[in-house]
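Residue-level structure breakdown
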Amino acid sequence: MTEARLLDGKGIAADVEREVRTEVAQLLGKGIVPGLVAVRVGTDPASEVYVRNKARKAIELGFRGTQEHFPGDMSQPELMRVIERLNSDDEVDGILVQLPLPPHIDSEAVLRSIEPAKDVDGFHPVNVGLLHLGTATLVPCTPAGIMRMLESTGESLRGMHAVVVGRSNIVGKPVAALLLQKDCTVTICHSRTRELPAVTRQADILIAALGRPLFVTGDMIRDGAIVIDVGINRIEPDSPDAAKIRDENKSQLLRSGKSVLAGDVDFSAAFEKASWLTPVPGGVGPMTIAMLMKNTVTAARERRG
């Protein structure tokens, strides 16, 4: 039996932030202050927390970090005018629109309206195309963070079989493209994949990004695999998933009636089989914000020469 080494997302994110501080200092020396604007529509509590954390981190690193919040009944034309204004503002280097947007707004149309050079989330079709060509500089933040975590293991990724469970445009597809660029053999799995456990057991690198708590069990993991858990799910005490949580501290929280956070992977089972494993929380999450900051500095440098 092996015990996994934990991939400390907070520690690796701190390394990225140190790099960002150095780059920001260089830009400030040239009179350039990187500017990041986060746009939020509606009152989703999770979105409020995410946007606040992103703006706070930007200011902490020396950016001009602001957030613009609009009511949930904002019309699509009104939101598009906001994006147009930010596109034309030379002091804004990065624009992110916090998802989800209210159902009456076409999210894809909004994301397409962002100037590609300011698309620090990496979701614009131009940047998606560049990603698949291997020439993108603004890469989706969570996939970029995953790759940074894999690099931190010190293991060569060349020739490894990577299995990605989840085919979203935000994580699954872009991380598969990045893994291909590192000479991995990549398999993308999804809800229609047949004999899924048999496929995941072939993985040298297993990435779970499907948003289903504790979905990946121990029998789905090959001994010695690197396991990256992208999921972050809230487990309520009366949820059927609560019984699956074996970590003592979390069990105590559940017994006291407090919800806990869990990933897409059964952490306890994976810990006994994986060589490297990301915790939840404290794994991929901190990397997403760190790579957003990295993208903003990159956008500022490229936009302003």
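A brief structural summary. For every chain, the first residue of the written sequence is number 1, and numbering continues from 1 onward in sequence order. Totals for whole chains, interfaces and linings use every residue, but because this is a predicted model, local features are given only for residues with pLDDT of at least 70 and side-chain atom pairs only at 80 or more, for both listing and counting. Only hydrogens and water are set aside; all other atoms, that is, all heavy atoms of the structure, feed into the side-chain values.

**Things to note about the sheet that holds strand β8 (residues 226-229)**
One open sheet holds the 6 strands; their spatial order is β1-β11-β8-β7-β5-β6, and the pairing between them is parallel. The strands lining the two open edges of the sheet, one partner per strand, are β1 (5-6) and β6 (185-189). Where β1 lies against strand β11 (residues 276-277), 2 bridges are found, and the strand directions are parallel. In the sheet register, Arg5 faces β11, and the bridge partner there is Trp276. Only strands joined by at least two bridges in the DSSP assignment are considered to pair. Numbering of helices and strands runs from the N terminus, with a helix taken as a DSSP run of H or I at least four residues long and a strand as a DSSP run of E at least two residues long.

**Description of the packing of aromatic side chains**
By convention, a stacked pair of Phe, Tyr or Trp rings (six-membered ring in the case of Trp) has centres within 6.5 Å and planes under 30 degrees apart, an edge-to-face pair has planes over 60 apart, and any other such pair is tilted. All told, the structure shown has 1 aromatic pair when counted by the stated rule. Here the aromatic rings of Phe267 and Phe271 are separated by 5.9 Å at their centres, their planes lie at 20°, and the arrangement is stacked. Of this pair, Phe267 and Phe271 both sit in helix α10 (residues 267-271), 4 residues apart, roughly one helical turn. What makes Phe267 partly exposed here is its relative accessible area of 30%. Working definition: with a 1.4 Å probe on protein chains only, accessible area under 20% of the residue-type maximum means buried, over 50% means exposed, and in between means partly exposed.

**With respect to the pattern of salt bridges**
Any carboxyl oxygen of Asp or Glu that lies within 4 Å of a side-chain nitrogen of Lys or Arg is treated as forming a salt bridge with it. Applying the stated criterion to the full structure yields 17 salt bridges. Close ionic contact of Asp15 with Arg18 constitutes a salt bridge, the shortest N to O distance being 2.2 Å. With a gap of 3 residues between them, Asp15 and Arg18 both fall in helix α1 (residues 9-29), about one helical turn apart. Taking the relative accessible area as the measure of exposure, Asp15 reaches 34% and is therefore partly exposed.

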